[in-house]
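These are the residues of each chain, in order.
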Amino acid sequence: MASNKPSSTPFHLPLSLGVVRAGVIDVAHLDFANGQDVQAVKKWSVSPRLAKQPDMRYRAQEACDLAQLAAKRWRYYRDSRTFATSMEHLRALIAADPQGEFSFHLKVTASWFPEIMGAAMIRRTWCHHIMIDFLFVHPDISGRLLPIKTVGVQILQSICLIARELGCKRVWGEATKDSAPFYQYQLRRKVEDHFFIGNRQLHELAMELDLDPKHGLKLPAS
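Keep in mind it's a predicted model, so treat the numbers as computed, not measured.

A. Representation of the nonpolar core. With 49 residues, the main nonpolar core has Phe-104, Met-117, Ile-130, Ile-159, Val-171, Tyr-183 and Ile-197 as its most contacted residues. Not counting the four nearest positions on each side in its chain, Met-117 is found in contact with Val-19, Ala-28, Val-108, Thr-109, Ala-110, Trp-112, Val-137, His-138, Ile-141, Ile-148 and Val-151. Listed in part, the 21 residues of the second largest apolar core include Val-38, Val-41, Trp-44 and Ala-63.

B. Representation of helix α1 (residues 35–42) in the model. Every buried residue of α1 is accounted for by Gly-35, Asp-37, Val-38 and Val-41. Buried residues of α1 fall within an arc of 165° about the axis and therefore sit on the same side. One side-chain oxygen of the residue at the start of α1 lies 3.1 Å from the amide nitrogen of Gln-36, identifying that residue as Asn-34.

C. The pattern of salt bridges, seen in detail. Applying the stated rule across the entire model yields 10 salt bridges. With a shortest N-O distance of 2.9 Å, Asp-79 and Arg-78 are connected by a salt bridge. On the basis of relative accessible area, Asp-79 is assigned to the exposed category, the value being 55%. Classification of Arg-78 as partly exposed rests on a relative accessible area of 40%. One continuous salt-bridge network, built from bridges that share partners, spans Arg-73, Glu-101, Arg-123 and Asp-133.

D. Structural detail: the layout of surface pockets. Each pocket or cavity is described by its volume, and for the largest pocket that value is around 1,000 Å³. Contributing to the lining of the largest pocket are 32 residues, with Thr-150, Gly-152, Val-153, Phe-182 and Gln-186 lying nearest its centre. Among the elements of the structure, α2 (54–79), β6 (130–137), α4 (139–142), β7 (148–149), α5 (151–166), α6 (180–187) and α7 (199–207) are those that each provide at least two residues to the lining of the largest pocket. A class-by-class count of the residues in the lining of the largest pocket yields 17 nonpolar, 7 polar and 8 charged.

E. Just the packing of aromatic side chains, in detail. Per the stated rule, a full pass over the model turns up 8 aromatic pairs. Ring geometry for Phe-32 versus Phe-104: centroids 5.1 Å apart, planes at 20°, classification stacked. You can see Phe-32 sitting in strand β2 (residues 24–32) and its partner Phe-104 sitting in strand β4 (residues 102–109), a full 72 residues away along the chain. For the pair formed by Phe-32 and Phe-104, the shared burial category is buried. Between the aromatic rings of Trp-74 and Phe-83, the centroid separation amounts to 6.1 Å while the plane-to-plane angle is 85°, which identifies the pairing as edge-to-face. Look at Trp-74 and you get buried, because its relative accessible area is 7%. Taken together, the aromatic side chains of Phe-182, Tyr-183 and Phe-195 make up a single cluster linked through ring pairs. For Arg-21, the ring lying beneath its charged end belongs to Trp-112, and the centroid distance is 4.1 Å.

What counts, and at which threshold
- Residues numbered from 1 in each chain as written.
- Predicted model: local features only at pLDDT ≥ 70, side-chain atom pairs only at ≥ 80, totals over all residues.
- Heavy atoms only, no water.
- Core = buried A, V, L, I, M, F, W, Y, C linked by side-chain atoms within 4.5 Å.
- Buried < 20%, exposed > 50% of the residue type's maximum accessible area, 1.4 Å probe, protein only.
- Contact = heavy atoms within 4.5 Å.
- Helix = DSSP H or I, 4+ residues; strand = E, 2+ residues; numbered from the N terminus.
- Arc of directions from axis to C-beta.
- Polar contact = N/O pair within 3.5 Å; in protein donor to acceptor, adjacent residues only side chain to side chain.
- Salt bridge = Lys/Arg side-chain N within 4 Å of Asp/Glu carboxyl O.
- 1 Å grid on protein atoms, 1.4 Å probe; cavity = no way out; pocket = protein on both sides within 12 Å on 5 of 7 lines; lining within 4 Å.
- Points joined across faces, edges and corners; volume = space filled by probe spheres on them.
- Nonpolar A, V, L, I, M, F, W, Y, C, P; charged D, E, K, R; others polar.
- Phe/Tyr/Trp six-rings, centres within 6.5 Å; stacked < 30°, edge-to-face > 60°.
- Lys NZ or Arg CZ within 6 Å of the ring centre and 35° of its normal.

Interpretation note: all reported values are geometric properties and have no functional meaning in isolation.
Here you go:
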């Protein structure tokens, strides 16, 4: 299980991502989140500008709800000392207890955006798989009040990259009514209330974050 060999590809956090903003690629960063970050996304709220757009309001509210749930679960892992705040910390936890269950959160930030743009709560399971508990983007982005795209897909790709680095052979998770179409589009198959990303597709998604030689940014697949 935990003896699976990690990737030999150089891997450094934070990752530089190419986020699409108003049709132009701009730089953002993905890194492990700490407790302050978890509490920050807990304070997200739905903009009153979505009051007359029920579909977009639903999407924005779900992002807020998932952030709240992630914060509640974070407290359990914090108190049980099974919450990792860096890749090195996660590796140390796994080395100390190869069959332990450990949680970590990821965040996407940018100098040009005032808050955390997107986040995810993830678990490394006892059998050395990666489970996505929650993946969500800022309510103003999910509610389409801002012309920002590719945050969610790059979080997903980054999770696969981390899984590959750890030597995990599967990424899996649950899908909500709103998120199922997202996973279905990214995984190119029908998704209902859950999804599995096997070793081959895990590597394919991780490879989508290859460096662009001109800009030095990790660009989303077109």
